[in-house]
Amino acid sequence: MNRYGRRTLALELAMIAAALFVGFPVYVLVNLAVRPTSDTSSPIGPTTSPTLDNFTQAWQQGALGGALANSLLVTVCSVVVVLAVSSLAAYPLARITARWSRGTYLTILLGLALPFQLASLPLYQTMRDLGLLGTPWALVLFYSGLQVPFTVFLYVGFLRALPGDFEDAALIDGCTPLQSFRYVVLPMLKPITVTALVLNTVAVWNDFFTPLLYLSGSAQQTLPVAIAGFVGQYVTDWNLIFAALVISILPVLLVYFLLQRSIINGFAGGLKG
Amino acid sequence: MALAPHERLVDKDRPPVVAPDPRPRSARTTPPWWFALPAMLLFAFVVLVPSVRGVYYAFTDWDGLDPDFSFVGLDNFADMLGDPDAKQAIWHTLLIAVAITVIQNAVGLLLALGVNSAIRSRNVLRVFLFAPAVITPIVTAYLWRNLLGPDGAVNSLLGAVGLGGARQDWLGDPELALWSVVGVTVWQYAGYSMVIFLAGLQSVPKEIHEAASMDGAGPVRRFWSVTRPLLAPALTINLMLSIIGGIKLFDQVYALTGGGPGHATDTISTLIYKDAFTLGEFGYSIALAVVLTIIVAVVSAGQYAALSRNERAAS
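- Within an unreviewed UniProt entry, the label attached to chain B reads Sugar ABC transporter permease, and the organism entered is Streptomyces akebiae.
- According to the UniProt record, the Subcellular location (unreviewed entry) comment for chain B reads "Cell membrane".
- What the UniProt record of chain B gives under Sequence similarities (unreviewed entry) is the line "Belongs to the binding-protein-dependent transport system permease family."

- The name given to chain A in an unreviewed UniProt entry is Carbohydrate ABC transporter permease, and the organism recorded there is Streptomyces akebiae.
- Quoted verbatim from the Sequence similarities (unreviewed entry) field of UniProt, the annotation for chain A is "Belongs to the binding-protein-dependent transport system permease family."

Right under this line is the structure:
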């Protein structure tokens, strides 16, 4: 089975072909992003005189710096809140076998099936009444609640597979429950926290529908909404649009390639649980 | 000879003598209930209460702004039956969800089998094939909008390899546009399915494969009899994720076609957005969201039942 025969070679070539096929759009993306607008040759031929002008122009006209900062603020705050409240909630929900605890857990799981359009339209009105529309805080509040079901689900599944002996020992030794959570349970949750961190970050960073609703018309846009606005404004200038797309993809891809091992394992492991 | 008390305690034939804890186990070890409170409050404020209010609005004629609105009973749902756009959107939603589920999982499984084999580039390929799944969907959709244009890279590529006759207006042709949306979504998420299948494949013990191989089972037979049953949990998760994701699909449609040409690619999600925020028909729009919820619930319940039967049969 470990011999590298002709069949393996054929499979290798087929898989590389598949990867090139998947990578083709990204090649075109970069190729057109560095192309001067005056050059109208075929999009698949390599650009003959590459330039970085499109990037500076897109960065300034799209106000991408501000959008990047907003996305970062919203993502960091939401993910920190959701991980904190979800891990804390998972502790009693996984350990207490009373009926209220099971009922609460099932209610939270129900949230997994609800399409967010149902909740986010009425919530739009509440956010408006609270004066939060158009501010990043509306989004932080929204994601902090929206991501609870999935994150609690991950934590409870993981906690149930862990023996409670260490916490019991800590409680008998005189720890308060909060201390035992902080110093005993939380460190044991580290593997699933990494998974939850990755999955939540990707979900919040990439979301488009909610910021489109809650931030529309404000200057405080997140990156996906800023990109959509930019495309709407420069409909025909695709070289400029592609430069903006590259700028918005770059941080995600950079982080991805740096952390690819734990990201891929997180996706697979977290969802397998 | 009498045993000293401490020797009695380690007597192998008897359990060690420990004073029983008078408290019940739950009272001894359980964390307090209020740990769950912050998460519950956030969940109730953001998801639960608005969802219940949403169901109420579905029976009203609210326009999203006017504080005066009235209860109209089932009118919104009756209107939906007479609204060809809504019926078409529901149909598109189901079609897209099923097509994405089938194609994405088939492709994902093939890729997973490929990168789980003995090929040398398998680690690099895993990283590259998964990459589209982390990129912002709205961004990949705009990228593809250009690639699939009449003068876009896809048509150029077809021309360059001598298939100029296969050039199409991928997004402008009402017959094709829906399939282009499916294709782009599969391009983005096939690697996602691949990774989950890969995790399942790696739980298949190598020894069983080798034993089957020694017994003369070919690759197809080994896949069907050894690998497939052990892949059942991965398949369950993949099918759930892709069908629910497909039903709720919004970003790709919004950025690729905006629901057009005409209404050829409108889904329930895009129609909800248009009705609420461009037409001000908030009550009607939220009734559509209720229909979307019912579809998600029915599909996932049915799928859950079928798949857990399948998993039991496979194990």
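The rest of the description comes next.
### Re the interface of chain B and chain A
For step 1, the next point in the chain: On the side of chain A, 86 residues touch chain B, which itself brings 87 residues to the contact.
For step 2, the next point in the chain: Of all residues in chain B, Phe35(B), Val134(B) and Tyr142(B) bury the most surface against chain A, accounting for 8% of the area lost on that side.
For step 3, the next point in the chain: Taken together, the connections running from chain B to chain A amount to zero salt bridges.
For step 4, the next point in the chain: Inspection of the region where chain B meets chain A yields eleven residue pairs in polar contact (both at pLDDT 80 or more).
For step 5, the next point in the chain: Per element, the largest residue contribution to the side of chain B that touches chain A is 14 residues, and it comes from helix α3 (residues 37-57) of chain B.
For step 6, the next point in the chain: Of the residues assigned to the side of chain B that touches chain A, the class counts are 61 nonpolar, 16 polar and ten charged.

### Structural notes on the UniProt feature "transmembrane region" (unreviewed entry) in chain B
Residues and elements named next belong to chain B.
For step 1, the next point in the chain: Here the UniProt-annotated "transmembrane region" (unreviewed entry) positions come out as residues 33-59, 89-112, 124-144, 176-199, 230-250 and 282-307.
For step 2, the next point in the chain: Annotation note: span residues 33-59, helix share 78%, strand share 0%, distance between end C-alpha atoms 37 Å.
For step 3, the next point in the chain: Helix makes up 100% of residues 89-112 and strand makes up 0%, while its end C-alpha atoms are separated by 33 Å.

### Focus: the packing of helix α4 (residues 99-113) of chain A against α3(B)
For step 1, the next point in the chain: In contact at an axis separation of 11 Å, α4(A) and α3(B) are set at 40° when each is read in the N-to-C sense. Our classification of the angle between α4(A) and α3(B) gives oblique. Crossing of α4(A) against α3(B): the hand is left-handed. Residue-level inspection shows Thr104(A), Thr107(A), Ile108(A) and Gly111(A) of α4(A) in contact with α3(B), the latter providing Met40(B), Phe43(B), Val47(B) and Leu48(B).

### Regarding the UniProt feature "domain: ABC transmembrane type-1" (unreviewed entry) in chain B
For step 1, the next point in the chain: In the numbering used here, UniProt assigns the "domain: ABC transmembrane type-1" (unreviewed entry) feature to residues 90-303 of chain B.
For step 2, the next point in the chain: Spanning residues 90-303 of chain B, this segment combines 74% helix with 0% strand, and its end C-alpha atoms are found 19 Å apart.

### A short note on the pattern of salt bridges
For step 1, the next point in the chain: On inspection of all chains with the given rule, the structure shows two salt bridges over all chains.
For step 2, the next point in the chain: Of the charged contacts in the structure, one is a salt bridge between Glu167(A) and Arg95(A), with a shortest N-O distance of 2.8 Å. Of this pair, Glu167(A) sits in helix α8 (residues 165-172) while Arg95(A) sits in helix α3 (residues 64-95), placing them 72 residues apart in sequence.
For step 3, the next point in the chain: Residue Glu167(A) is classed as buried on the basis of its relative accessible area, which comes to 0%.
For step 4, the next point in the chain: For Asp266(B), the salt bridge is made with Lys274(B), and the minimal N-O distance between the two is 3.0 Å.
For step 5, the next point in the chain: The class for Asp266(B) is buried, based on a relative accessible area of 0%.
For step 6, the next point in the chain: Taking relative accessible area as the criterion, Lys274(B) reaches 23% and is therefore assigned partly exposed.

Thresholds applied
Residues numbered from 1 in each chain as written. Chains lettered and ligands numbered in written order. Predicted model: local features only at pLDDT ≥ 70, side-chain atom pairs only at ≥ 80, totals over all residues. Heavy atoms only, no water. UniProt positions renumbered as here; feature names shortened; annotations may be inferred. Contact = heavy atoms within 4.5 Å. Buried area = accessible area lost by both parts, 1.4 Å probe. Salt bridge = Lys/Arg side-chain N within 4 Å of Asp/Glu carboxyl O. Polar contact = N/O pair within 3.5 Å; in protein donor to acceptor, adjacent residues only side chain to side chain. Helix = DSSP H or I, 4+ residues; strand = E, 2+ residues; numbered from the N terminus. Nonpolar A, V, L, I, M, F, W, Y, C, P; charged D, E, K, R; others polar. Axes fitted to C-alpha atoms, helices over the stretch in contact; angles between N-to-C directions. Parallel < 35°, antiparallel > 145°, perpendicular 65-115°, else oblique. Left-handed = near helix turned anticlockwise from the far one by under 90°. Buried < 20%, exposed > 50% of the residue type's maximum accessible area, 1.4 Å probe, protein only.

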